[in-house]
Amino acid sequence: MASGQMAAPPAALGRSRPAWLEGLFGQLLALLGSLGIALVFGSILIVLYGESPLEVYSSILDASLGSADGIGYVLAIATPLIFSALAVAVCFKGGMFNIGVEGQYLVAMVTAAWANLSLDFLPGPILVPVVLVAAMLGGMIWAAVPGILKVKRGAHEVVTTIMMNGIAISLVAWAINFPLHFDDAPEGAFVDLRTNNFPEHGLVGDIGHYFGVTPGAHLSWLLFLAIGAAILVWVLFRRMRLGYEARAMGSSPGSARAGGIAIGSTQLKLFLISGALAGLVGMQQILADRGHLPQNYVVALGFTGIAVAFLGQNNPIGIIFAAFLWGILSRGEVALQIQSEVPREFIIILQGILILSVVITYQIAKRRLAARQLQQAGAAGELEDSSAPEDDEGPRGPEDTGAGAFRPAGEDRI
Amino acid sequence: MPFTDIAVAIQISFTYFTMIYLTGIGGLFSERSGIVNIGLEGLMIIGTVTGAFGARFFTDDLGLGLVWGPLLGLLFGALCGALFAGVHAVATITFRVDHIVSGVVINLVAIGLARFLSQGFFNGQATQSDPGGPHLPELNVPGLSSLPGGLDRAFENLSPVVPIAALMVIPVWYSLNRTRWGLRLRSCGENPEATRSLGVSVPLYRYQGVLLSGAFAGASGAFIAAEIIGNWREGTTLGYGFIALAALILSNWNPVRLMFFAWLFGFSFAIPLRLDEAPVINLLPEQFIRMIPFVVTIVALSLIGKVRPPAAAGQAYEGGGGT
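Q: Help me out: how do you make sense of the overall build of chain B in this one?
A: Helix and strand counts for chain B stand at 13 helices and zero strands. Taken from N to C terminus, the helices and strands of chain B fall in the order α-α-α-α-α-α-α-α-α-α-α-α-α. Each of the three principal axes of chain B carries a C-alpha extent, and together these read 60 × 50 × 40 Å. For chain B, the residues scored as buried account for 54% of the 323 residues in total.

Q: What am I meant to see in unusual backbone geometry here?
A: With the exception of glycine, most residues fall at negative phi, and the peptide bonds are largely trans. All names here are of chain B. Of note in this structure, R96 is not a glycine but carries a positive phi near 55°. Here R96 lies in the loop between helix 3 (65-94) and helix 4 (99-122). Positive phi outside glycine occurs at W253, with the angle close to 60°. Counting through the fold element by element, W253 comes out in the loop between helix 10 (240-250) and helix 11 (255-274).

Q: Before we go on, may I ask you to explain the confidence of the model for chain A in this structure?
A: Taken residue by residue, chain A gives an average pLDDT of 82. The fraction at 70 or more is 84%. Throughout residues 384-414 of chain A the model reports pLDDT below 50, and contacts reaching past four residues in sequence, or to other chains, amount to 75 contacts.

Q: Mind showing me how you'd approach the environment of I298 of chain B here?
A: Take I298 of chain B: it is sitting in helix 13 (residues 292-303). In this structure I298 of chain B comes out as buried when scored by C-beta crowding, with 25 C-beta atoms within 10 Å. C-alpha separation for the pair I298 of chain B and A246 of chain B, spaced 52 residues apart in sequence, amounts to 8.7 Å. In contact with I298 of chain B, not counting residues within four places along its chain, are T160 and M163 of chain A.

Q: Would you take a moment to explain helix 5 (residues 101-118) of chain A for this structure?
A: For an α-helix the count is 3.6 residues per turn, leaving residues at separations of three or four pointing the same way. Taking 1.5 Å per residue, 18 residues should reach 26 Å; helix 5 of chain A reaches 25 Å between its end C-alpha atoms and fits that length. Here helix 5 of chain A lies mainly inside the structure; 16 of its 18 residues are buried.

Q: So what exactly am I meant to see when it comes to the packing of helix 4 (residues 68-93) of chain A against helix 14 (residues 316-339) of chain A here?
A: Axis angle and axis distance: for two packed helices, these are the angle between their axes and the distance between the axes, and together they describe the pair. Residues and elements named next belong to chain A. One can describe the packing of helix 4 onto helix 14 by two numbers: an axis separation of 7 Å at closest approach and a directional angle of 135°. Relative to helix 14, the element helix 4 is oriented oblique. In this structure, the crossing between helix 4 and helix 14 has a hand that is right-handed. Where helix 4 approaches helix 14, its residues G70, Y73, V74, L75, I77, A78, L81, I82, A85, L86 and A89 are matched on the opposing element by P316, I319, I320, A322, A323, F324, W326, G327, I328, S330 and R331. Its residues assigned to classes, the contact of helix 4 with helix 14 comprises 18 nonpolar, three polar and one charged.

Q: Is there a simple way to think about the environment of L248 of chain B in this case?
A: All names here are of chain B. With respect to the secondary-structure elements, L248 resides in helix 10. Separated by 162 residues in sequence, L248 and G86 place their C-alpha atoms 21 Å apart. Those residues in contact with L248 that lie beyond four places of it in its chain are G24, G27, L28, E31, W253 and L258.

Q: Help me understand the packing of helix 13 (residues 301-311) of chain A against helix 14 of chain A in this model?
A: All names here are of chain A. In the contact formed by helix 13 and helix 14, the axes pass within 8 Å of each other and the chain directions differ by 120°. The angle between the axes of helix 13 and helix 14 places the two elements in the oblique class. Handedness of the helix 13/helix 14 crossing: right-handed. Mapping the contact onto sequence places V308, A309 and L311 in helix 13 and I319, A322, A323, L325 and W326 in helix 14. For the contact of helix 13 with helix 14, the per-class residue count stands at eight nonpolar, no polar and no charged.

Q: Is there a simple way to think about the confidence of the model for chain B in this case?
A: Fine structural detail should not be taken from predicted coordinates in areas where pLDDT scores are low. Residues and elements named next belong to chain B. In this model, chain B carries a mean pLDDT of 87, and residues with pLDDT of at least 70 account for 94%. Within chain B, helix 6 (residues 169-178) carries the highest mean pLDDT (96), whereas helix 4 carries the lowest (87). Reported confidence for the predicted complex is 0.86 by ipTM and 0.86 by pTM.

Calculation rules
- Residues numbered from 1 in each chain as written.
- Chains lettered and ligands numbered in written order.
- Predicted model: local features only at pLDDT ≥ 70, side-chain atom pairs only at ≥ 80, totals over all residues.
- Helix = DSSP H or I, 4+ residues; strand = E, 2+ residues; numbered from the N terminus.
- Buried ≥ 20, exposed ≤ 12 C-beta atoms within 10 Å, placed from the backbone.
- pLDDT = per-residue confidence, 0-100.
- Contact = placed C-beta atoms within 7 Å.
- Expected span 1.5 Å × (residues − 1).
- Axes fitted to C-alpha atoms, helices over the stretch in contact; angles between N-to-C directions.
- Parallel < 35°, antiparallel > 145°, perpendicular 65-115°, else oblique.
- Left-handed = near helix turned anticlockwise from the far one by under 90°.
- Nonpolar A, V, L, I, M, F, W, Y, C, P; charged D, E, K, R; others polar.

Structure follows, in structure tokens:
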């Protein structure tokens, strides 16, 4: 009885906050903690290079947030990362790892380029949406293969998606060498391999000039599309049946199956949604930055998306902020190059430490939270407090409690 | 098609076999102890940059000659791979982070860390025109390298690491299946609770398994950079770490069968390099031929029936505390 009384005050305190807010608070705390750890490690490195951490950090902030242009660049960097991280998160919530966002967006760039070049007779307001749909279809096709193989043959998606990435690289090379090879090249001149330039009305417009951002940042309305996609994913997981089934599957596949969820079809649907989101990753660079599909396209956006998803703890809204933070750091590379002896690779190390400590601190935060909830549950049972409000919106997914956020209980393991 | 082409393709396949098999052994130790390690690719990347540096440092800067220098370079790559695997070990064993999450993070961080280290080591990555670094003298396999009909080419000019990797199967098999250490390591992967009840420290063995995986994957990366390419360049691991993982799954976590699958995948990598003129294959565009190894891996993974991974692999083990 004594222990029950002692546990009662914190239990009552905890009860005043809904579980999701508690989880969010814990996440924020863990994120700030990890950012602190990364900055401390970074400072040590900077001092080793013989410079002042304060100066280096403030120059990074100045380059990214110090001007409208800087913010424009940060947002343009964040745009594809939001799509990419959302694609990763959708599968992750269902207990699966889509490491193949990389390949999916490469293939999507090819299908989008093909649609853009062959349907150029369509007027702009129709052509651009058609191109985006073509990109989503391309990503879905590439994601369907590992999805089907997982459901039908039990092939682990981590390995198959990586292999699909390898195939996609060659596929893009083939596409810009043969079917989509540009034909408006000057005779005999050395030009990089690429597709034809897309028609002007097939590009997404620059929105930077509304906010006084230089056109060089290539800030486009794809940013709003990305934020819209994040909200849609949030709705999917919070308000729709498929999202509920996915969360149930992600937190406990055994009970999900016992509860009558068709595991296979849910997994496949998640993979297709993930692929559709992945398809949009490459649009910023071909429709806003370049205007064609070049040979030296930007790679690794899919892998960076994994990092951003972890940083945002697979929460769609968290992902928007995580992508923004990632953009700030990436933009900081420019500042380092111009005004510092610290090599630009320093930023990559900073991002790496950040991700490592985020993953570990989330895990610690999650354990503490779970322990506290266990204690609360015990206390509540002892006090027989039946009037306590039952929380909230249906079954507890992993992200309600913070528990299991980094531990999807996948059934088949490597 | 001439025999020489096939022979050379086989010779190339031995090189690929070596990197896939060494990395696969790494994965074997880790997963048999119960820790899933999809960070093998990242560990290889660390091995490439430190191995290339080590080979130059020990040979040129310390002047140890063309046998000891490159050899110590390989070991240096292995050591750094093991050190970096320590991150995975701490995250998964001590902090019980999900194994796949930690592995993905290892892969992400390795790319950046390699780029960062290369700045300090050799001021960025090497270009095609840079002269190659020191490597071990090449070897003709006695007996086999005098085969007739052009087949001798398969066994000529091999890096000495190739036979070493192939012979590795003996100590690996023996240590896992015939020693007390191997029995304990495997039991940590099958039933950690029972293992603990016998007074064996599960985390201790799992740490050893993960560090060994880093050492083997690191050595494999060092082999790629120092022995094959001769320099550090970004992106030379090309997913071999994941191919090794696929080979490990297909082998059912058995070091002997792993040899076969490592060679099979190795041969599929040799096809685009040497057999692109072979019948049927020559009908494909060059870019499609380059897809062959990845397609082979996917098909093999899809055709294999049910595999049985170590029972406790991938699960966090709650008991046993820190060490």
